[in-house]
Amino acid sequence: MANEQAISFQLNGKHVSTQVASHLNLVELLNQFSLCGARESCGQGLCGCCSVLVDDQAVSACLTIASTVDGKSIETVEGLSSANEPLHPIQQAFIDSGAFQCGFCTPGFIMMTKALLAENPDPSDEDIRHYFSGNLCRCGTYPEIMSAVKQAARLLRTHA
Ligand code: FES
Ligand code: FES
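Caption draft 1: Representation of the domain arrangement of the protein chain within the structure. For the protein chain, the assigned domains read domain 1 (4-76) and domain 2 (89-159). Look at where the C-alpha atoms of domain 1 and domain 2 centre, and you get two points 22 Å apart. The interface of domain 1 with domain 2 comprises 13 residues on the first partner and 12 residues on the second. Here the side of domain 1 that touches domain 2 takes three residues from strand 3 (residues 51-54), the largest share from any one element. Of the residues in the side of domain 1 that touches domain 2, the class split is seven nonpolar, four polar and two charged.

Listed below in structure tokens is the structure:
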């Protein structure tokens with residue numbers, strides 16, 4: 001179809017190919033693969049609900065043009081664990097800490113946590129606050145999210 005481009009990329013470790021329209025963003029592309037963890041809320045890069053990793057860097061999927069992921073590696077919250085596996089330590093830490101109420105923001109916070117701990121395995125409270133300055137939780141579970149990130153950091157250091 002006119003204005004469509006063929007792209008191939010790694011999606012949660014699997015090679016995939018598709019056609020994308022020039023206006024499609026990465027949230028919409030992920031939805032086409034039935035991945036709904038990254039949610040579009042503000043659509044302006046202000047809330048972090050759509051955070052995913054592109055080549056291990058956290059990005060706002062709502063601001064990422066789908067065609068730009070051609071040849072790259074995308075990781076979403078769905079890629080952290082599968083049905084028959086234990087949860088990823090970051091997911092487990094969010095549950096253990098009660099770090100959500102409605103859960104709308106949670107996939108974004110979890111993927112941001114993965115990016116943060118890859119850069120900084122032992123972040124201070126200030127490091128965490130700074131890193132998450134673009135992620136909003138309307139339910140106000142920030143203290144529990146702080147606990148979850150610190151627990152996840154401990155778990156990942158232990159298993160490193
Ligand atoms: S929906 Fe992407 S940052 Fe808010
Ligand atoms: S848990 Fe509801 S928005 Fe964060």
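Caption draft 2: Representation of the sheet that holds strand 3. The strand order across the open sheet formed by five strands is 2-1-5-3-4, and the pairing between neighbours is mixed. Each end of this open sheet is capped by a strand with a single partner; those strands are strand 2 (14-21) and strand 4 (57-60). Put simply, the sheet's adjacent strands are angled 40 degrees from each other on average, direction ignored. Where strand 1 (residues 4-11) lies against strand 2, eight bridges are found, and the strand directions are antiparallel. Residue pairing for strand 2: Phe-9 is matched across the bridge by Val-16. The strands touched by helix 3 (residues 106-119) are strand 3 and strand 4; relative to strand 3, the strand with the most contacts, the crossing angle is about 35 degrees.

Caption draft 3: Representation of helix 3. Helix length check: helix 3, at 14 residues, gives a terminal C-alpha distance of 20 Å against a target of 20 Å (1.5 Å per residue), a fit within 8%. Among the residues of helix 3, Thr-106, Pro-107, Gly-108, Phe-109, Ile-110, Met-111, Met-112, Thr-113, Lys-114, Leu-116 and Leu-117 are the ones counted as buried. Buried positions along helix 3 lie against strand 3, strand 4, helix 2 (89-96), helix 4 (125-131) and helix 5 (142-159).

Caption draft 4: Representation of the nonpolar core within the structure. If you look at the biggest cluster of nonpolar residues, it comprises 41 residues, and the most contacted ones within it are Leu-26, Val-52 and Ala-61. For this core, the elements supplying multiple residues, two or more each, are strand 1, helix 1 (26-32), strand 3, strand 4, helix 2, helix 3 and helix 5. With six residues, helix 3 is the largest single contributor of residues to this core. Residue-level mapping places this core at the junction of two domains, with at least three residues from each of domain 1 (4-76) and domain 2 (89-159). With sequence-adjacent residues up to four places away left out, Ala-61 is seen in contact with Asn-25, Leu-26, Val-27, Leu-30, Ala-38, Cys-50 and Val-52.

Caption draft 5: Summary view of the packing of helix 3 against helix 5. Two elements in contact, helix 3 and helix 5, have axes separated by 11 Å at closest approach and are oriented at 45 degrees. Here helix 3 is positioned oblique relative to helix 5, judged by the angle of their axes. The hand of the helix 3/helix 5 crossing is right-handed. Where helix 3 abuts helix 5, its residues Phe-109, Thr-113 and Leu-117 lie against Ile-145, Val-149, Ala-152, Ala-153 and Leu-156. Classifying every residue of the contact of helix 3 with helix 5 gives seven nonpolar, one polar and no charged.

Caption draft 6: Geometry of unusual backbone geometry. For Asn-12, which is not glycine, the phi dihedral falls at a positive 50 degrees. Considering the arrangement of structural elements, one finds Asn-12 in the loop between strand 1 and strand 2. A positive phi is found at Asp-55, a non-glycine position, where the angle reads about 50 degrees. Position of Asp-55 among the secondary structure elements: in the loop between strand 3 and strand 4.

What counts, and at which threshold
Residues numbered from 1 in each chain as written. Chains lettered and ligands numbered in written order. Predicted model: local features only at pLDDT ≥ 70, side-chain atom pairs only at ≥ 80, totals over all residues. Domains from an automatic or database assignment. Contact = placed C-beta atoms within 7 Å. Helix = DSSP H or I, 4+ residues; strand = E, 2+ residues; numbered from the N terminus. Nonpolar A, V, L, I, M, F, W, Y, C, P; charged D, E, K, R; others polar. Pairing = 2+ DSSP bridges. Axes fitted to C-alpha atoms, helices over the stretch in contact; angles between N-to-C directions. Expected span 1.5 Å × (residues − 1). Buried ≥ 20, exposed ≤ 12 C-beta atoms within 10 Å, placed from the backbone. Core = buried A, V, L, I, M, F, W, Y, C linked by C-beta atoms within 7 Å. Parallel < 35°, antiparallel > 145°, perpendicular 65-115°, else oblique. Left-handed = near helix turned anticlockwise from the far one by under 90°.

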